[in-house]
Amino acid sequence: LEFHGGPDVAGIQCLDGCAGATVETVNLADALVDLPVAVVEVHVDMNRPGIDAEQGKIAEAIQHLEKSKQLVADKFQKPALLSDLGSAYSAQAERSQDDGPEKARLFALANQNFAESTALDATYGNSWRRWAMSLYAQGNYASAWEKVKQARLVNARPFPPMFITA
């Protein structure tokens, strides 16, 4: 998610089934109801300079996603929202300058959201896929491999080649 406005307004980049379409300005709660959230991803361009600026965007995304988590009750949208939130926490942990308790706390929150997502819908492949990548970033390779297997069982999108060969 890239935010283009105040606390209740976001520009959402839609991936997969949207052919790269971007909704410029929408209310975040409306977006979660009206858009196919299975194709909404937290997107941070790692090739751009300014990790501190990216941290701010991720923190803002987390804030909005946490608020949305309290508002969304739809059983079809909640797993995707929780997966997005887990991805945001994982991204923030990966970029954290702290290698101690703060990083561990962020990864624990990521794992908690991925676990909730997969408990709500074990067939939602994106949760398994993203969780595998998060666990790999945590150095938990055995658990990451188990999530890779689960993602493949539910026909999730293929993993990036560099992830599988790592």
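Residues numbered from 1 in each chain as written. Predicted model: local features only at pLDDT ≥ 70, side-chain atom pairs only at ≥ 80, totals over all residues. Heavy atoms only, no water.

Undergrad: Sorry, what's going on with helix H3 (residues 78-95) here?
TA: One full turn of an α-helix is made of 3.6 residues, so residues set three or four places apart face in the same direction. The end-to-end C-alpha distance of H3 is 26 Å, a good match for the 26 Å that 18 residues give at a rise of 1.5 Å each. Most of H3 is tucked away, with 17 of its 18 residues classed as buried. (Helix = DSSP H or I, 4+ residues; strand = E, 2+ residues; numbered from the N terminus. Expected span 1.5 Å × (residues − 1). Buried < 20%, exposed > 50% of the residue type's maximum accessible area, 1.4 Å probe, protein only.)

Undergrad: Explanation requested: the packing of aromatic side chains in the structure shown.
TA: One pass over the structure, following the stated rule, counts 5 aromatic pairs. On the numbers, 5.4 Å between centres and 70° between planes, the contact of Tyr136 with Phe163 is edge-to-face. Here the residue Tyr136 occupies a position in helix H5 (residues 125-138), and Phe163 occupies one in helix H7 (residues 161-165), the gap between them amounting to 27 residues. A relative accessible area of 29% means that Tyr136 is categorised as partly exposed. Here Phe163 falls in the buried class, since its relative accessible area comes to 14%. Chaining the aromatic ring pairs together yields one cluster made of Tyr136, Tyr141, Phe159 and Phe163. Sitting above the plane of the Phe159 ring, Arg129 keeps its charged end 5.7 Å from the centroid. It is Lys147 that lies over the ring of Trp131; its NZ or CZ is 4.3 Å from the centre. (Phe/Tyr/Trp six-rings, centres within 6.5 Å; stacked < 30°, edge-to-face > 60°. Lys NZ or Arg CZ within 6 Å of the ring centre and 35° of its normal.)

Undergrad: Looking at this structure, I do not really get the pattern of salt bridges. What am I missing?
TA: Pairing of side chains with opposite charge becomes possible as their charged atoms draw close. What the rule picks out here adds up to 5 salt bridges. Across the pair Arg130 and Asp84 runs a salt bridge whose closest N-O atoms are separated by 2.5 Å. Linking Arg130 in helix H5 with Asp84 in helix H3, this pair joins segments that are 46 residues apart in sequence. Taken as a pair, Arg130 and Asp84 share a single burial class, namely buried. Residue Lys103 is joined to Asp99 by a salt bridge in which the shortest nitrogen-to-oxygen separation is 3.1 Å. With relative accessibility at 18%, the residue Lys103 sits in the buried group. (Salt bridge = Lys/Arg side-chain N within 4 Å of Asp/Glu carboxyl O.)

Undergrad: Even after reading the chapter, I still don't get the nonpolar core, so can you show me in this structure?
TA: General note: in soluble globular proteins, nonpolar side chains tend to be found buried as a group. The biggest cluster of nonpolar side chains holds 25 residues, and the ones touching the most others in it are Ile62, Tyr89 and Phe159. Going through the elements one at a time, helix H2 (51-71), H3, helix H4 (101-120), H5 and helix H6 (141-153) are the ones with two or more residues in this core. Broken down by element, this core gets its largest block of residues, 6 residues, from H3. Not counting chain neighbours up to four residues away, the residues in contact with Tyr89 comprise Ile62, Glu66, Leu106, Leu109, Ala110 and Asn113. (Core = buried A, V, L, I, M, F, W, Y, C linked by side-chain atoms within 4.5 Å. Contact = heavy atoms within 4.5 Å.)

The quantities given are spatial measurements derived from coordinates; they are silent on function.
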